[in-house]
Structure formats: C-alpha cells, structure tokens
Amino acid sequence: MENFNNYILDSNILKNNFNQIKNLVGTNVKVCAMVKADAYGHGLKDVCKALKNADFFGVASALEAKHIRKFNKTTPILIVGVVNPECVLWCSENNVSVTVTSLEELKLFSYIVGYNKLKVHLKVNTGLNRIGFNNVNNFKKALKFIKYNFNIVLEGVFTHFATKLNDMEFIVCQHNRFLQFIKYVKDNRVIIHCCNSFATLMLKNYHHGMVRCGFNLYGWQMDYKMQLKPVLSITSKVVFVHNIKAGETVGYDRTFTATKNLKIAVLPIGYADGFDRRLSNKLEVLINGKKAKVVGNICMDVCMVDVTKIKNVCVGDEVTLLGRNGGYELTPYHYANILGTSPYEILLKFRYDRMNRIVL
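Criteria and thresholds
Residues numbered from 1 in each chain as written. Predicted model: local features only at pLDDT ≥ 70, side-chain atom pairs only at ≥ 80, totals over all residues. Heavy atoms only, no water. Core = buried A, V, L, I, M, F, W, Y, C linked by side-chain atoms within 4.5 Å. Buried < 20%, exposed > 50% of the residue type's maximum accessible area, 1.4 Å probe, protein only. Helix = DSSP H or I, 4+ residues; strand = E, 2+ residues; numbered from the N terminus. Contact = heavy atoms within 4.5 Å. Salt bridge = Lys/Arg side-chain N within 4 Å of Asp/Glu carboxyl O.

Colleague: Give me the lowdown on the nonpolar core, citing residues and values where you can.
Modeller: Residues Val35, Leu122, Val157, Phe275, Val285, Ile287 and Tyr335 are the most contacted members of the largest nonpolar core, which totals 112 residues. Considering each element in turn, this core owes the most residues, five residues, to helix 7 (residues 136–147). Residues within four places of phenylalanine 275 in sequence aside, it is in contact with Ile269, Gly270, Leu283, Val285, Val294, Ile298, Cys303, Leu321 and Tyr335. Membership of the second largest hydrophobic core comes to ten residues, among which are Phe256, Ala258, Cys299 and Met304.

Here's what the structure looks like:
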C-alpha cells in the first residue's frame, strides 16, 4: 500500500443495491443509474462496470459520456444537463441521448446532426426553475417539430423534483404539472420519467417508464424498508501518539488549548484529501469502536484527534472516517450537518487519488 488512507468501494453492495431497486420498480420500469460527477465521487469506471445491467447511465455532460464510451460502448447514456452544440453530432453517433430544453435548441440540434439521427429527452420545468419547457404550447410545438423531422427521435420526456420529504406537497404539485405536459405524448414507446432517488423509494405511483437513481444506489438514501447499504468506506491509520499537558495548544493558529493532560493521535489525512478544514475541533472520527474528536486545525496532510478516553491507542490502529467501526457509523450526513451543506457535496470532496483505492 502506497498510503495509510484507504478509499474502499464495495462493488457487491453496489450490485445488491441496484438489484433491490430493480425489484422494487419492476420489470416494466427502466433504471437510469446516475453516474455524473465521477459517480457522485465513488469512481466512474468502477461504478459503471458494477452496474452493467443498468438501462441507462445518467451524466451531466458530453465529456462524462465520452469517458464512459472509452470502456463501455453499448449501455445507453443520457445527458441530463444542457448539451454543448459542438458535441451533438458525436452524441448521435455514439448512442448518447441528449436533453432538449427549448424549441430553439431542438431546431438547432436537428440542423447540426443533418442526416444522422439524434435521440432526445425533452426536459419539462415543473418548479425547480433551472432548465426546461415551462410552456405547454411550446412543448406541443416541439412534439410537432419532432413528428416532421426524421433526424430527431423522441426517446423520453422528463422533469426533476425540487424537494424531498420536507415538502411533499410541492412534489405533488410538480407531478400534477408534469401530467399536463405528458398527456400530449401519444407514443407509448416514449420513456416518461421524473423520479429521483427519494421518489423512487417513496412514490411508486410516480415511477412511469423509468427512474433515475444515484444517492440510493450508493446506499446513502435513508429508507428503512429496504436494506440499501453504503458502498463506500474511508479508513486511515494512527501514525503517531503523544501526550500533551494542560495549557498546551494543538495545531496551526493554536485554535485548541488543552484544559487538562491529553493523549493525542496523529492521522495522515488532511484537507488535501477532502477532509474539510472546517471540521476542525468539531468532527469525531472512530478508533477502536470509540469516538475521537478532531482537535486543532486540520492541516493539508494530517490532523490530530483526542484519544485520551480510548484505551491502548497505538501507532497502526485503524481509523474510520466514513463507515462503521464498532457500534458507531460515520456517514456523509454527519459531515454535512457540521458544515451546513449537502451530503452529496461531502462525497465529492474526498480525493481518492491521494488514497489507496480498493475495489472489493
């Protein structure tokens, strides 16, 4: 091992999560595995290889689609974001479906691909207010344009929910608005989809023809009815242990002062690895099944933790920064609560290129 830090992806758990979701939605509903942003930070290639049975891979850009096509030539790919017109012809030639957000964009793409055929998914804006058709008349004009232009294949129509459990009423409003658009789609071969991870698990009557799953695939979407498990764990090692006296400080800028004699362990992970400096003096990591609080400012490559109350901590002991250790579990939610952000962002922060990447 080149490093003390391990970034461990369990592909068997990932496959099992996918199979559970597939069983939930049934054989008539497709599953789009969302692998954008390097598979939510888990590693694009390894995740795609594990999810080879997915009906689609969902990405944010043509650049991400091109990365997939280097090792997977066959699985359909859907770009859910705005597509650079310079990439549209490549998409038509490589079985990559693109999102269309307006009638003007649709006409431009049709002109660009010429005699090639381009698969499109019309995006409907039902309340998130990012991109998409928000006018039924323009949506109907787009359907008419597609009908009379052979080089555009309407593969799907979709929307995206703005909220989760905390605002179910708005999800219902969005879905009702979505129905006002899709009622004009007469071809039952067109894939209708609106469910994200949360809606896939909680709103079965919204599944339509496909669901788009990311956070739940990776085991981080909370649902106690299913046995979805986290596929990722991050561990480190204690590399140094020493004692400090009451009144002494720890770390840069001396943000921590010991009020009594303490035992300090040093871990070889820092903010360059994605261990956010704002966690300093706040987060607790797990050592020997116990909690150890970070003390002092997290450094670029190391951090320090208080192990005074943990018996027999010594160099080489394993440290859990994400995952389970003894009776405790450390999740992205713990990080997100401290930093006032989304657990999605936490997953994207960790730099596995500075760790031993292990795929089980």
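Colleague: Go over unusual backbone geometry with me, naming the residues and quoting the values.
Modeller: Not every positive phi belongs to a glycine, and histidine 208 is a case in point at roughly 50 degrees. Note that histidine 208 resides in the loop between helix 9 (197–202) and strand 9 (210–213). Even without glycine at this site, aspartate 253 takes up a positive phi of about 65 degrees. Along the chain, the position of aspartate 253 falls in the loop between strand 12 (249–250) and strand 13 (256–257). Classification of aspartate 253 by relative accessible area gives exposed; the value is 60%.

Colleague: Can you lay out the pattern of salt bridges for me, pointing to particular residues and giving the numbers?
Modeller: This model, assessed by the stated rule, comprises eleven salt bridges. Of the charged contacts, one joins arginine 278 and aspartate 276 as a salt bridge, the two residues approaching to 2.8 Å between their closest N and O atoms. When its relative accessible area of 47% is taken as the criterion, arginine 278 is described as partly exposed. Through salt bridges with shared partners, a single ionic network connects Asp276, Arg278, Glu345 and Lys349.

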